[in-house]
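# Topology and contacts: notes
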Amino acid sequence: MREVTLRGGGFDGADGAGEGGQQLQRQLKSRHVQMMSIGGVIGTGLFLGTANALRNGGPLGLLLGYGVLGTVCWAIMVSLGEMIAHLPIPGGHITLAGRFVDEAFSLAMGYNYWTVVLPAELNAAAVLISYWNNSQNPAVWITLCLVVAVAINFGGTRVYGELEFWFASIKVITIVGLIILGIILDCGGGPNHEPIGFRYWKNPGAFRQYLGIEGHMGRFLGFWAVLIQAGFSFIGTEITAIAAGEAKNPKRNLPKAIKRVYIRICLFYIIGCFIIGLLVKSTDERLSLSTGTAASSPFVIAITDSGIRVLPSIINAALLSSAWSAASSDLYTSSRSLYGLSLKGNAPKICARVNSWGLPWVSVLVGTAFSLLSYMSAGAAKAGEVFGWFANMTSVCGLITWAGIAFTYIRFFNGLRAQGIQRTNETLVYRAPLQPYAA
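Residues numbered from 1 in each chain as written. Predicted model: local features only at pLDDT ≥ 70, side-chain atom pairs only at ≥ 80, totals over all residues. Heavy atoms only, no water.

Let us now look at the side chain of Asn-153. Relative to the assigned elements, Asn-153 resides in helix α7 (residues 138-154). Looking at Asn-153, the relative accessible area reads 2%, which means it is buried. In contact with Asn-153, other than residues within four places in its own chain, are Ser-328, Leu-331, Tyr-332, Arg-336, Leu-359 and Val-364. (Helix = DSSP H or I, 4+ residues; strand = E, 2+ residues; numbered from the N terminus. Buried < 20%, exposed > 50% of the residue type's maximum accessible area, 1.4 Å probe, protein only. Contact = heavy atoms within 4.5 Å.)

Next up, the structure:
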């Protein structure tokens with residue numbers, strides 16, 4: 001069993017020094033880290049991806065699917081939180097996998113994690129913009145959003161942290177406002193004064209028969225399809241661990257951020273999905289993202305049906321800001337993941353080059369290059385359809401990464417026990433509950 005180091009965990013040699021002697025700098029303040037953990041990756045998975053989830057699983061299937069994945073997400077995050085609060089090093093869970101399991105395991109986790117998330121968010125942004133202009137080729141909107149994400153990341157960690165703080169604030173205000181508005185509309189407080197209640201849970205029903213398959217199997221497959229979509233929505237919560245190498249006072253700020261993950265899961269996703277299931281019937285043809293427009297968003301559908309004319313455009317603008325935020329966050333995580341791989345010799349050394357203000361600029365450029373996959377929607381396929389492809393790939397890759405994080409924690413836990421080290425407040429900054437069973 002590899003020795004578990006209980007002291008240090010800062011930028012020591014192989015863990016932090018980039019090519020040429022430069023290294024990442026701790027520029028993320030406490031408020032940056034806290035807001036990133038709460039709202040940093042709230043994005044198109046909730047605002048747009050729930051359209052397919054509701055269409056496949058029905059309102060109860062949607063709620064159960066996101067509830068199950070939310071529980072798994074919480075278990076993974078508290079496990080990761082204990083490790084990363086103890087060792088806040090660059091590369092996050094990817095570097096920890098090499099430290100506690102094996103370098104080959106770290107390499108596999110690293111390349112599995114960072115390649116396809118950004119193209120999905122860029123296509124989602126194109127879908128949202130197409131709400132106002134559906135005649136323009138999606139490549140125009142993808143290019144616009146990509147330029148925004150790249151500019152934010154090349155501004156450095158401090159610029160990224162500050163902008164992400166405000167982007168996340170907009171997203172939190174938006175989802176809280178939508179939940180409140182949804183309750184009002186469900187109770188008949190909209191312009192049409194028509195209460196909805198649980199009407200759509202009765203007709204067409206709480207579950208959908210996936211692909212027309214009758215009986216329990218059809219309902220189960222619909223629920224399973226929701227799980228895959230929910231995976232895309234929750235994947236990215238690990239940004240807190242990736243940011244550990246650039247957070248100020250990480251041993252104090254990271255545990256606070258990890259403890260607030262349940263807020264995002266319960267308030268934003270579970271309640272949000274419940275409201276969506278009340279307001280939109282699962283058989284609504286507008287829920288199909290293959291149409292390529294943001295009119296498929298359940299929130300936009302609900303507001304449009306209520307008779308509120310101006311608000312859908314305002315909400316769509318707020319959702320667009322969330323797509324920009326998610327895209328910049330994805331580029332941030334992919335570049336830092338590649339940087340961590342490079343430090344360990346699992347990626348070309350040039351990817352570890354850091355400029356004078358702590359930006360791994362080569363890794364950012366490589367991440368940008370892979371984002372060009374998003375231009376697949378510039379051909380015959382529509383942006384909404386391509387978004388679905390990338391969302392499914394992201395879900396599968398992300399869930400594999402979660403399994404890797406759980407296995408890494410079990411190795412960490414067993415290493416402590418083998419060396420006779422007790423998990424107490426004196427030895428660990430943060431102790432995850434229900435361990436090792438949660439992992």
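Another point: helix α15 (residues 311-343). With 33 residues, α15 should reach 48 Å at 1.5 Å per residue; the first-to-last C-alpha distance of 48 Å fits that figure. In the segment just after α15, Gly-345 is the residue with positive phi, at about 80°. (Expected span 1.5 Å × (residues − 1).)

Taken together, Val-176, Ile-180, Ile-184, Leu-267 and Ile-271 make up a surface patch of nonpolar side chains, about 360 Å² in accessible area. Contributions of two or more residues to the nonpolar patch are made by α8 (157-186) and α13 (261-279). If one sorts the elements of the nonpolar patch by residue count, α8 sits on top with three residues. You can see Ile-180 is positioned in helix α8. (Patch = residues over 30% accessible without salt bridge, like charges linked within 9 Å, V, L, I, M, F, W, Y side chains within 5 Å. Areas by Shrake-Rupley, 256 points an atom, 1.4 Å probe, with all protein chains shown as cover. Salt bridge = Lys/Arg side-chain N within 4 Å of Asp/Glu carboxyl O.)

Mapped onto the fold, Asp-284 is located in the loop between α13 and α14 (298-306). On the accessibility criterion, Asp-284 (11% relative accessible area) is buried.

This paragraph deals with the packing of aromatic side chains. This model, assessed by the stated rule, comprises 14 aromatic pairs. Look at Tyr-66 and Tyr-269: their rings are 6.2 Å apart centre to centre, the planes differ by 15°, and that puts the pair in the stacked class. One end of the pair, Tyr-66, is in helix α3 (residues 50-86); the other, Tyr-269, is in helix α13, with 203 residues separating them in the sequence. Relative accessible area serves as the criterion here: at 0%, Tyr-269 is assigned to the buried category. Relative to Phe-413, the ring of Tyr-409 lies with its centre 6.2 Å away and its plane at 40°, an arrangement referred to as tilted. Note that Tyr-409 and Phe-413 are positioned in helix α17 (residues 383-418) at a spacing of four residues, about one turn of the helix. Grouping residues by exposure puts Tyr-409 and Phe-413 together as buried. Through successive ring pairs, a cluster of aromatic residues spans Phe-100, Tyr-409, Phe-412 and Phe-413. Seen from the ring of Phe-165, Arg-31 lies directly overhead, with NZ or CZ sitting 4.8 Å from the centre. (Phe/Tyr/Trp six-rings, centres within 6.5 Å; stacked < 30°, edge-to-face > 60°. Lys NZ or Arg CZ within 6 Å of the ring centre and 35° of its normal.)

Turning our attention to the environment of Val-300. Its place among the elements puts Val-300 in helix α14. Assessed through its relative accessible area of 2%, Val-300 is described here as buried. For the pair Val-300 and Val-280, spaced 20 residues apart in sequence, the C-alpha separation works out to 10.0 Å.

For the chain, mean pLDDT is 81; residues scoring 70 or higher make up 90% of the total. No element of the chain has a lower mean pLDDT than helix α2 (residues 44-47), which averages 74, and none a higher one than helix α9 (residues 199-202), which averages 90. This model gives residues 1-15 a pLDDT under 50, and the stretch forms 44 contacts once residues within four places in sequence are excluded. (pLDDT = per-residue confidence, 0-100.)

In this structure, the second largest pocket spans a volume of roughly 220 Å³. Ile-196, Tyr-200, Leu-279, Asp-305 and Ser-306 are, among the 16 residues lining the second largest pocket, the residues nearest its centre. Every element with two or more residues in the lining of the second largest pocket is listed here: α9 and α14. For the lining of the second largest pocket, the residue count by class is seven nonpolar, three polar and six charged. (1 Å grid on protein atoms, 1.4 Å probe; cavity = no way out; pocket = protein on both sides within 12 Å on 5 of 7 lines; lining within 4 Å. Points joined across faces, edges and corners; volume = space filled by probe spheres on them. Nonpolar A, V, L, I, M, F, W, Y, C, P; charged D, E, K, R; others polar.)

One finds Phe-47, Leu-62, Tyr-66, Met-83, Leu-96, Phe-234 and Trp-402 to be the most contacted residues of the largest nonpolar core, which totals 105 residues. Apart from residues no more than four positions distant in its own chain, Leu-96 is found in contact with Leu-80, Met-83, Ile-84, Leu-87, Ile-89, Val-101 and Thr-408. Grouped together as the second largest cluster of nonpolar side chains are nine residues, Leu-48, Ala-124, Val-127 and Phe-390 included. (Core = buried A, V, L, I, M, F, W, Y, C linked by side-chain atoms within 4.5 Å.)

The next subject is α14. In terms of residue burial, α14 counts as a mostly covered element, since seven of its nine residues are buried. When we look at burial in α14, the residues that qualify are Pro-298, Phe-299, Val-300, Ile-301, Ala-302, Ile-303 and Ser-306. Here the buried face of α14 lies against α2, α3, α8, α13 and α15. Looking one or two residues beyond α14, the residue adopting positive phi is Gly-307, at roughly 95°.

What follows concerns the packing of α3 against helix α10 (residues 215-234). Taken N-terminus to C-terminus, the directions of α3 and α10 make an angle of 55°; their axes are 7 Å apart at the nearest point. Here α10 runs oblique to α3, going by the angle between their axes. By crossing handedness, the relation of α3 to α10 is classed as right-handed. Across the interface between the two elements, Ala-53, Asn-56, Gly-57, Gly-61, Leu-62, Leu-64, Gly-65, Tyr-66, Val-68, Leu-69, Gly-70 and Cys-73 of α3 pack against Gly-222, Phe-223, Ala-225, Val-226, Leu-227, Gln-229, Ala-230, Gly-231, Ser-233 and Phe-234 of α10. For the contact of α3 with α10, the per-class residue count stands at 13 nonpolar, nine polar and no charged. (Axes fitted to C-alpha atoms, helices over the stretch in contact; angles between N-to-C directions. Parallel < 35°, antiparallel > 145°, perpendicular 65-115°, else oblique. Left-handed = near helix turned anticlockwise from the far one by under 90°.)

When the charged atoms of two side chains lie near each other, side chains of opposite charge can form a pair. Under the defined criterion, the tally for this structure stands at five salt bridges. A salt bridge links Arg-423 to Glu-82, with the shortest nitrogen-to-oxygen separation between them at 2.7 Å. In this pair, Arg-423 sits in the segment after α17 while Glu-82 sits in helix α3, placing the two residues 341 residues apart along the sequence. For the pair shown, Arg-423 and Glu-82 are each scored as buried. Asp-284 is paired through a salt bridge with Arg-286; the nearest N and O atoms lie 2.7 Å apart. You can call Arg-286 partly exposed: its relative accessible area is 33%. Among the ionic contacts, a cluster of salt bridges with common partners joins Asp-284, Arg-286 and Asp-305.

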